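Given next are the chains, with one letter for each unit.
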Amino acid sequence: MEREQLFLLIPLVMGVVFLGFGVYGLRRAGEIRRTGVTAAGRVVRHRIRQDDDGATYHHPVVGWTTRDGRECEYPSRLGRGGTATRGLAIGSPVTVRYDEKDPTRFAIQGWDSTTVETVFTVVGAALTAGALTVLLLTVS
């Protein structure tokens with residue numbers, strides 16, 4: 001393998017990793033959408049997180065009761081920047097879809113989306129396909 005071909009391993013590995021994360025996230029979201037149990041919940045507070053660059057993210061913390069009577073209260077895995085909690089003020093009613101076996105795996109309908117996972121999948125597929133194409137063309 002020539003030196004130029006070794007450099008193609010960088011986008012190839014990055015593409016495979018991005019593709020893996022994206023597909024995993026999309027499958028997980030799809031599973032919750034297909035088999036998840038729906039419950040009525042309420043926003044009980046917001047968890048505010050600040051990243052290393054100083055950006056502020058608001059994660060709504062939702063409380064609901066499972067079918068078997070367990071009280072659940074978890075923050076959304078997705079936060080929005082600034083004060084972008086439109087429609088999810090404290091006390092707002094929400095619909096939650098959760099995994100009955102593991103209620104920490106849940107999605108707030110209308111809030112949680114698969115945009116990040118879709119971007120990871122598309123970028124990963126493009127990097128992988130591009131690197132493989134160039135690698136195969138340079139080998140022959």
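The structure reproduced in this document is the subject of the present report.

Cut-offs used in this document
- Residues numbered from 1 in each chain as written.
- Predicted model: local features only at pLDDT ≥ 70, side-chain atom pairs only at ≥ 80, totals over all residues.
- Heavy atoms only, no water.
- Salt bridge = Lys/Arg side-chain N within 4 Å of Asp/Glu carboxyl O.
- Helix = DSSP H or I, 4+ residues; strand = E, 2+ residues; numbered from the N terminus.
- Buried < 20%, exposed > 50% of the residue type's maximum accessible area, 1.4 Å probe, protein only.
- Core = buried A, V, L, I, M, F, W, Y, C linked by side-chain atoms within 4.5 Å.
- Contact = heavy atoms within 4.5 Å.
- Pairing = 2+ DSSP bridges.
- Expected span 1.5 Å × (residues − 1).

Looking now at the pattern of salt bridges. Once their charged atoms are close, side chains differing in charge can pair, the charge on each being opposite to the other. As enumerated under the stated definition, the model contains 6 salt bridges in all. A salt bridge links Glu31 to Arg105; its shortest N-O distance comes to 3.9 Å. Here Arg105 lies in the loop between strand S5 (93-98) and strand S6 (106-108) and Glu31 lies in helix H2 (residues 9-35), a separation of 74 residues in the sequence. Assessed through its relative accessible area of 33%, Glu31 is described here as partly exposed. Glu117 is paired through a salt bridge with Arg77; the nearest N and O atoms lie 2.7 Å apart. One end of the pair, Glu117, is in helix H3 (residues 115-139); the other, Arg77, is in the loop between strand S3 (71-75) and strand S4 (80-81), and 40 residues separate them in sequence. The class of Glu117 is buried, set by a relative accessible area of 8%. Beyond isolated ion pairs, a larger network of salt bridges with shared partners links Glu31, Asp99 and Arg105.

Okay, the nonpolar core next. Counting residues in each nonpolar core, the largest one holds 14 residues, and the members touching the most others are Val62, Trp64, Val94, Val96, Tyr98, Phe106 and Ile108. Elements supplying a minimum of two residues to this core: strand S1 (37-50), strand S2 (56-65), S5 and S6. Leaving out residues up to four positions away in the same chain, Val94 has contacts with Ala39, Ala40, Gly41, Arg42, Val43, Val62, Leu88 and Ile108.

Every other side chain in a regular strand lies on the same face of the sheet, so the side chains alternate between the two faces. Along S2, 7 of the 10 residues are buried, which leaves the element largely enclosed by surrounding structure. Inspection of the sheet shows S1 paired to S2 by 9 bridges, in the antiparallel sense. Counterpart to Ile48 in the pairing with S2 is His58. As paired elements, S2 and S4 share 2 bridges and run antiparallel to each other. Paired with Tyr57 across the bridge in S4 is Gly81. For S2 and S3, the ladder comprises 5 bridges, and the chain directions are antiparallel. Considered in S3, the bridge of Val62 is made with Tyr74.

So, on to H2. Compared with an ideal rise of 1.5 Å per residue, which puts 27 residues at 39 Å, H2 spans 38 Å between its outermost C-alpha atoms and is within 8% of the ideal. When H2 is considered as a whole, its buried residues turn out to be Leu12, Gly15, Gly22, Gly25, Ala29, Gly30 and Ile32. Those residues of H2 that are buried are in contact with S5, S6 and H3.

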